[in-house]
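Spelled out, the chains give:
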Amino acid sequence: MTGLHRQCIGTVWPGSLGSLGGHCAMRLVFTGGLDCNGNTTWTTIHGGPGHILFPSPWVIRRNCVLPATETKWSETFRQARMEELLPNGVVRCHLSPRNCTLKEGQHGFCGVRANRNGRLVTLNYGKSVHATEETIETEAVNHFSPGERILSMGNIGCMLNCAYCHNWKTSQAKYVSDKDVHYYTPEQVVDIALQHNIRMLSWTYNDPVVWHEFVRETAKLAREKGLMNLYKSAFYITPEAIDELLPYMDIFSISLKAIDEEYYRKITTGRLQPVLDAIKHVYKSGVHLEVSNLMITDLSDDEASARKLAEWMLKETDSTVPLHYVRFHPDYRMRDSVRTPIPRLLRAREIAIEMGVEHVYLGNVYDTPFSNTFCNGCGGLLVDRYGLNAKLAGLDARGHCSKCGKDAHIKMRGTPLSASSADSLPTDAELSRKSFQWHGDVRSLHVQVQNPAANTLAIYVRRMLAEGQATPWRLVTLRPQESFRFIVAQNLPNELGCEVAMPPVIQSNLHEVFDRAHFPTVAIEEVGVQQVDVTPLPSFR
């Protein structure tokens, strides 16, 4: 079967949604391929737990459903949760504190929730940027299974519109390009993680709040399969939506922009109090919590801002909740600035420590000891971090100092699974190579590879060191038709860059990463290596 023309498979939506003009409600589960850009058509379709609405005609391809002409991410939708039905076909969305009230055809502030035929629908179910392997430290999480590899999933839309957004190309729905959208089912996301020995899903990038239905269903399935879930968010969310997430989340990493109502109103287009209430909600639940603060140059990087944040944390949570002060890079509508001066970040950390916060870290900063975890008892090194990488140095299995026994408030989940490695390349294989050198503050790279062949293939990645030295090769196995993306971040002070070796048939792109939680949408092969390390492409116009 290569096309569907007004043909229903599975269960039609009840009521009015099942009779939408020009649409067909279908229930599908896909197995096999991992990339929406693959050209192999599906041969097996069977019923499953998710309902999605598709306009026709459609072509079914590996890992995605594509229209017979051109994919338009905004044309497909499914019923949303957090819905209130009002008279005259009006609906109200209770996912974010905006509580958007929508007439027929209207979209919410987020751009991905709408009123269709008098019902609240979500336009981004299963629609994602490319699934990407990273590390838990990427998400400003230092006190839960250090060094854990994660599968990062980001989507489309946002309940805020921060003037400095690092992911504006996907967080603001009107700027989303269809070429950047990949399509996944919950089963496929879990399968990717299991295939690559990844134990944790991370809901991240633009913001998972607006991806509520897909996050909730996939996180539930992940739990059933023995995986963990991490929720990285600015957390502009209602209490009832939080309650739907709590049973499935192991970690909340929350970005608290400032303790300033005017800042939230002018810079983020949101309100402060709902975020504070949401953080307290999670804290009281007992789920692991860490809080980060992006310090914007000359806007929120002063001592008073750092003090207000630490004061609120100590009053409303407790001294053991980790706090991350994070360096900003100019982006989106705030490009006429500079990266946060490091001395201001250092001073913010000093203030929080002096006030009694026990675990305070700096983010997006290299070559300082303040991404490490030290024992607050004997001063010993517990976790050695460089960039987005971590190595256990003095922790026991309980998360205590192995020297003096003091509790470091780190939740351990056994030994993180490591990637496969090889000391040398196979001598009987023809391999092509790509390399990249770290420059300035660009110390990370996304490697995206696709195997178009009918057989399993392997690619190899190593780090290039000073004086002609190199690390062993990391081995990444790709199934037939599989597309995979993963991060390589500088791991050692004497590391110069990285090298990728692969069979010539492998299709590949390299993407410069500007700081953690930034998802690049343009490849080096398209625009070349950038000569600056301040603002990534594309530039907002």
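Going by the structure above, here's the rest.
What this report covers is the structure whose coordinates are included nearby. Model, not experiment: these values are computed from the prediction.

**Here we look at the packing of helix 7 (residues 303-316) against helix 8 (residues 342-355)**
Running from N to C, helix 7 and helix 8 point in directions that differ by 35°, and their axes come no closer than 9 Å. Helix-helix and strand crossings are classified by hand; for helix 7 and helix 8 the assignment is right-handed. Judged by residue contacts, Glu303, Ala306, Arg307, Ala310, Glu311 and Leu314 of helix 7 engage Arg347, Ala348, Ile351, Ala352 and Met355 from helix 8. Residues belonging to the contact of helix 7 with helix 8 are distributed by class as follows: seven nonpolar, no polar and four charged.

**Some words on the sheet that holds strand 10 (residues 119-122)**
Read across the sheet, three strands follow the order 5-10-9 without closing on themselves; strand pairing throughout is antiparallel. Where the open sheet ends on each side, the last strands, each with one partner, are strand 5 (78-79) and strand 9 (113-116). Pairing of strand 9 with strand 10 involves four bridges; the strand directions are antiparallel. The partner of Ala114 across the bridge, within strand 10, is Val121.

**Overview of the side chain of Gln530**
With respect to the helices and strands, Gln530 occurs in the segment after helix 9 (524-527). According to the relative accessible area criterion, Gln530 is buried, its value standing at 13%. Setting aside residues no more than four positions away along its own chain, Gln530 makes contact with His439, Glu512, Phe514, Thr535, Pro536 and Leu537.

**Comments concerning the layout of surface pockets**
One water molecule sets the probe size; rolling that probe over the atoms shows where empty space is left. In this structure, the largest pocket occupies an estimated 840 Å³ of space. Those elements that provide at least two residues to the lining of the largest pocket are strand 12 (132-135), strand 23 (389-392), strand 24 (420-422), strand 27 (457-465), strand 28 (473-478) and strand 29 (483-489). Looking at which element gives the most residues to the lining of the largest pocket, the answer is strand 23, with four residues. Residue composition of the lining of the largest pocket, by class: 13 nonpolar, nine polar and seven charged.

**Points about the environment of Ala241**
Turning to its location among the elements, Ala241 is positioned in helix 4 (residues 239-245). Taking the C-alpha atoms as reference points, Ala241 and Ser96, separated by 145 residues in sequence, lie 8.0 Å from one another. When sequence neighbours within four positions are dropped, the list of residues in contact with Ala241 reads Met82, Leu95 and His212.

**What to know about the side chain of Thr122**
In this fold, Thr122 is placed in strand 10. A residue is classified by how much of its surface remains accessible, and Thr122, at 0% relative accessible area, is buried. Polar contacts involving the side chain of Thr122 include one to the side chain of Asn124, which spans 2.7 Å. Once residues within four sequence positions are removed from consideration, Thr122 is found in contact with Thr76, Phe77, Arg78, Gln79, Ala80, Val112, Arg113 and Glu213.

**Looking at the packing of aromatic side chains**
Taken as a whole and judged by the stated rule, the model has 18 aromatic pairs. Their ring planes at 90° and their centres at 5.1 Å tell us that Tyr125 and Phe214 sit as a pair that is edge-to-face. Linking Tyr125 in the loop between strand 10 and strand 11 (127-128) with Phe214 in helix 3 (residues 212-224), this pair joins segments that are 89 residues apart in sequence. A residue is classified by how much of its surface remains accessible, and Phe214, at 1% relative accessible area, is buried. On the numbers, 5.4 Å between centres and 80° between planes, the contact of Tyr175 with Phe540 is edge-to-face.

Rules behind the numbers
Residues numbered from 1 in each chain as written. Predicted model: local features only at pLDDT ≥ 70, side-chain atom pairs only at ≥ 80, totals over all residues. Heavy atoms only, no water. Axes fitted to C-alpha atoms, helices over the stretch in contact; angles between N-to-C directions. Helix = DSSP H or I, 4+ residues; strand = E, 2+ residues; numbered from the N terminus. Left-handed = near helix turned anticlockwise from the far one by under 90°. Contact = heavy atoms within 4.5 Å. Nonpolar A, V, L, I, M, F, W, Y, C, P; charged D, E, K, R; others polar. Pairing = 2+ DSSP bridges. Buried < 20%, exposed > 50% of the residue type's maximum accessible area, 1.4 Å probe, protein only. 1 Å grid on protein atoms, 1.4 Å probe; cavity = no way out; pocket = protein on both sides within 12 Å on 5 of 7 lines; lining within 4 Å. Points joined across faces, edges and corners; volume = space filled by probe spheres on them. Polar contact = N/O pair within 3.5 Å; in protein donor to acceptor, adjacent residues only side chain to side chain. Phe/Tyr/Trp six-rings, centres within 6.5 Å; stacked < 30°, edge-to-face > 60°.

All quantities given are derived from atomic positions and should not be read as evidence of function.
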